[in-house]
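# Analysis of the macromolecular model
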Amino acid sequence: LKQARAHLRSGGRVYAGFVSRIAPFWWGLQHRPEGILEADGVRSLLASGSAFNFAAPGTGLPHGYYCDPGELDGLFGEAGLVVEHLCGTEAVFGGRVSSFHQLEKPLQEAWLKVVTENCEAPVFVWASEHLLVVAKAD
């Protein structure tokens, strides 16, 4: 984020995507539910967003950092950026998009309208596996 900020003029914007901390839990429940028994790994994931992601080594999700949506304002602030928007990109659709595609067109439009108009609502942000941040250089 600091490198991105170094390339922006005052008022310039950066668009950044993140994988949320809930993503590996949903992946684990679906693909490797016994991972929940690895208590140290689960605690590490909850506390730091790294070091554990339910996948057996060399399989599944990549090892990396999974963010807690509540920490993003601080991370961007440390880099001299102000978060303007924090959006949950899937909201209720994550893992259920096939159900959405089976709906009649008017119902699809109604669902899509609610989700897009409320993508910054905390309930949708915290339920999304992927997040979009729009931040402005101060």
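Residues numbered from 1 in each chain as written. Predicted model: local features only at pLDDT ≥ 70, side-chain atom pairs only at ≥ 80, totals over all residues. Heavy atoms only, no water.

### Topic: helix 3 (residues 39-48)
Residues of helix 3 that are buried: G41, V42 and L45. Burial along helix 3 is one-sided: seen end-on, the buried residues are contained in an arc of 100°. Of the exposed residues in helix 3, the ones pointing more than 90 degrees away from its buried face are D40, R43 and A47. Structurally, helix 3 contributes buried residues whose contacts are with helix 2 (22-31). Count one or two residues on from helix 3 and you reach G49, which has phi positive near 75°. (Buried < 20%, exposed > 50% of the residue type's maximum accessible area, 1.4 Å probe, protein only. Helix = DSSP H or I, 4+ residues; strand = E, 2+ residues; numbered from the N terminus. Arc of directions from axis to C-beta. Contact = heavy atoms within 4.5 Å.)

### Examining the environment of Y65
Mapped onto the elements of the fold, Y65 is located in the loop between helix 3 and helix 4 (72-78). Overall, the relative accessible area of 39% leaves Y65 in the partly exposed class. For the pair Y65 and F52, spaced 13 residues apart in sequence, the C-alpha separation works out to 9.4 Å. When near neighbours in sequence (up to four residues on either side) are disregarded, Y65 contacts V19, R21, S48, G49, E71 and L75.

### Topic: the side chain of S128
With respect to the secondary-structure elements, S128 resides in the loop between helix 7 (122-127) and strand 3 (130-137). On the basis of relative accessible area, S128 is assigned to the buried category, the value being 0%. At 2.8 Å, the side chain of S128 and the backbone nitrogen of A91 are in polar contact. Polar side-chain contacts of S128 include one of 2.7 Å to the backbone oxygen of F124. Residues within four places of S128 in sequence aside, it is in contact with S20, I22, G88, T89, E90 and A91. (Polar contact = N/O pair within 3.5 Å; in protein donor to acceptor, adjacent residues only side chain to side chain.)

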